[in-house]
Amino acid sequence: MSVFAPGTAAAHNAYLIGFGVVVVSAWTGLRAISGPSKGAYRLVALALTVWLTGDILYDVLTRFHGPLGDVSPSDVLWLSGYPLLMAALVKLVRLRAPGRLRDGVLDAAAMTTVVAWLFWQFVILPAAESQHLSPAMFVGALYPFGDVMFFAGFAILLFAPGTTRGSTGYLIAALTLTLVGDISISLLPVLFEELSRSGQAERFDGLLLLANSLLAAALLHRDAAKVAQPDSTLTAQRLHPARVVFLGIALVVLPTVTGLHSFGTIVSRVSLFVSISMLTSFILVRFLFVVREQERIKAALAHQAEHDQLTGLANRAALDAQLELELFRVSGFGPVVLYMDLNGFKQINDRYGHAAGDLILVEFARRLTVTIRPSDTAARLGGDEFVVLATGLEDEADALRLANRLRALADKPVEWNGELLSFGVSVGLASWSGLDRPSPATLFATADAAMYAEKAARRAEVQRVR
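If you're wondering where the values come from, they're calculated on a predicted model, not measured in any experiment. Per chain, residues are indexed from 1 in the order of the written sequence. It should be noted that, the model being predicted, local features are given only for residues of pLDDT at least 70 and side-chain atom pairs only at 80 or more, the latter also being counted only at that level, while totals for whole chains, interfaces and linings use all residues. Working from all heavy atoms in the structure, the side-chain values ignore hydrogens and water.

Visitor: Explanation requested: helix H14 (residues 354–371) in the structure shown.
Guide: Side chains that are three or four residues apart share a direction in an α-helix, a result of its 3.6 residues per turn. Relative to the 26 Å expected for 18 residues at 1.5 Å per residue, H14 spans 26 Å between its end C-alpha atoms, a close match to the ideal helical length. All of the buried residues in H14 are Ala-356, Gly-357, Ile-360, Leu-361, Glu-363, Phe-364, Ala-365, Arg-367 and Leu-368. Numbering of helices and strands starts at the N terminus; helices are DSSP runs of H or I of at least 4 residues and strands are runs of E of at least 2. For a helix, the expected span equals 1.5 Å multiplied by the number of residues minus one. Throughout, exposure labels follow a simple rule: accessible area from a 1.4 Å probe, protein chains only, divided by the maximum for the residue type, with under 20% read as buried, over 50% as exposed, and the rest as partly exposed.

Below, the structure written as structure tokens:
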């Protein structure tokens, strides 16, 4: 009714009754919500309550004191709803995307800068220049700032990781309608002088009531508490195409308006310069973070391609590449390959499970890393097979001493759930100087054969003792 018959008592009463039902519904829905999100939703219900209280207070004061003019005590309540709702949105987003708000906040800040400048240039500044400094002018300027705050919360909620369905969808729709209503109330009297702000406010009461109903619906939704649940899925981390579109619009708005509109006052020019500087800063910082993230991902992928995921040692591909390099620049005794296989590992894996087996592998890799020299390369080929590529050894005796040190790595048992797990290691050695045509394949094969020969000799010794 407020759309078709603004200013009538019936329309206003229908609006107040509807708004009262919305507020009661919001507090009713809040009772069913549990968990950390309840505090954020309480702020939403409180914002609706103070807005309704402001409407009722305005009617009561008007009834007993007559027309209140452009400023009234109700403005305090109406304006207080903006920070309350903004705080609720920020709290919800922080709960569902802990530690991952940086990109969303930067994108929201870039777009909010543009929106804030548009409000300043075409709503606040013209109003300030056309009248003397007064409480009415000051309060009137606070509402556009509240809308900017609304837009910032809307952008953060939209750009932050997580789903935009369910309760979140209601929140986004409510913020969108509220922005449309508030902006229309503010801009229409500026564009059409014959229209009054109060008249437009009454005409858009229906739209704002619908927006408030959507806020209450967010609290009544059966999955309202899930809005605050962290979302670490790959989909939540992707850059949505709409995000790029919004940022593109933000980048072209200021230059476009500058080309279409001349700014004669110093205040307008300074505000434009400050806004462009802020927007550029946000975009550059965002770009810097994107580049650093890409570099981090590339480094992680490069490391993953060359290292064993369990132990962190080099993998077969990295070992082959390093051995090819060492054979190309070989000198003296040359590179030595020491091939290792853990004794008793299968029995431990079968008896205690894969977790115990993984612990053995990780601990042996750690001991291996602290034993070899910085110029040597330790690798895991798979299963319980390890290889050390040693360089700079002087002779065969030096290589044999290194092999003995590697055998000693299994002397100390590994503790697992209160038990000591014992294992051994067989080592096979192959040197460049001992082969007619050394190559990575022949070095690995020779060292592997020597390792299995040592393992067979150990088994024969155990059988002989028995």
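Visitor: Whenever I open this one, the sheet that holds strand E6 (residues 424–431) confuses me. Can you help?
Guide: Note on pairing: DSSP must find at least two bridges between two strands before they are called paired. The strand order across the open sheet built from four strands is E2-E3-E1-E6, with neighbouring strands paired in antiparallel fashion. On the outer flanks of this sheet lie strand E2 (377–382) and E6, each paired with one strand and no other. The mean inter-strand angle of the sheet, taken between neighbouring strand axes irrespective of direction, is 20°. Here strand E1 (residues 336–343) pairs with strand E3 (residues 385–390) via six bridges, running antiparallel. The residue of E3 that forms the bridge with Val-336 is Ala-390. Contact definition: two residues touch when any of their heavy atoms are within 4.5 Å. In this description, a line fitted to the C-alpha atoms serves as the axis of each element, helices being fitted only across the stretch in contact, and the angle between N-to-C directions of two axes falls anywhere from 0 to 180 degrees. Each of E1, E2 and E3 touches helix H12 (residues 316–328); the most contacted strand, E2, lies at about 135° to it. The sheet strands contacting helix H15 (residues 396–407) are E1, E3 and E6, and the helix crosses E6 at an angle near 160°.

Visitor: Looking at this structure, how should I read the packing of helix H1 (residues 9–31) against helix H8 (residues 205–220)?
Guide: Between two packed helices, both the angle of their axes relative to each other and the distance between the axes serve to describe the pair. Interaxial distance between H1 and H8 falls to 8 Å at its minimum, and their mutual angle equals 15°. Our classification of the angle between H1 and H8 gives roughly parallel. Here H1 and H8 pass one another in a crossing that is left-handed. In contact with Tyr-15, Gly-18, Phe-19, Val-22, Ser-25, Ala-26, Gly-29 and Leu-30 of H1, H8 contributes Asp-205, Leu-209, Asn-212, Ser-213, Ala-216, Leu-219 and Leu-220. Looking at the contact of H1 with H8, its residues break down into nine nonpolar, five polar and one charged. Any angle from 65 to 115 degrees is called roughly perpendicular, while one under 35 is roughly parallel, one over 145 is roughly antiparallel, and all others are oblique. Put simply, a crossing is left-handed when the front helix is turned counterclockwise from the back one by less than a right angle, and right-handed when it is turned clockwise. Residue classes follow a fixed rule: Ala, Val, Leu, Ile, Met, Phe, Trp, Tyr, Cys and Pro count as nonpolar, while Asp, Glu, Lys and Arg count as charged, and any other residue, Gly among them, counts as polar.

Visitor: Explain the packing of aromatic side chains here, please?
Guide: For any pair of aromatic rings, the description rests on two quantities: the centre-to-centre distance and the angle between the ring planes. Two rings from Phe, Tyr or Trp (for Trp, the six-membered ring) form a pair when their centres are within 6.5 Å of each other. A pair whose planes differ by under 30 degrees is stacked, one over 60 is edge-to-face, and the rest are tilted. Scanning all chains against the criterion turns up five aromatic pairs. With centroids separated by 6.3 Å and ring planes inclined at 75°, the aromatic side chains of Trp-51 and Tyr-82 adopt a geometry described as edge-to-face. On the criterion of sequence distance, the pair formed by Trp-51 in helix H2 (residues 37–65) and Tyr-82 in helix H3 (residues 74–96) is long-range, its members being 31 residues apart. Classification of Tyr-82 as buried rests on a relative accessible area of 6%. A connected cluster of aromatic rings, assembled from ring pairs, spans Phe-364, Phe-386 and Phe-423. Only when the NZ of Lys or the CZ of Arg is both within 6 Å of the ring centre and within 35 degrees of the ring normal is a charge said to sit over the ring. Between Arg-316 and the ring centre of Phe-444, over which it is positioned, the NZ or CZ distance is 4.4 Å.

Visitor: I'm lost on the nonpolar core in this one. Help?
Guide: One recurring pattern in soluble globular proteins is that nonpolar side chains are buried together. One finds Phe-19, Tyr-41, Leu-48, Trp-51, Leu-85, Leu-215 and Leu-219 to be the most contacted residues of the largest nonpolar core, which totals 70 residues. Discounting residues that sit within four places of it in the chain, Trp-51 has contacts with Phe-19, Leu-77, Trp-78, Gly-81, Tyr-82, Leu-85, Phe-150, Asn-212 and Leu-215. Nonpolar cores were defined as sets of buried Ala, Val, Leu, Ile, Met, Phe, Trp, Tyr and Cys residues, with membership established by side-chain atoms within 4.5 Å. Counting 32 residues, the second-largest nonpolar core is a separate cluster that includes Phe-333, Ile-360, Val-388 and Trp-416.

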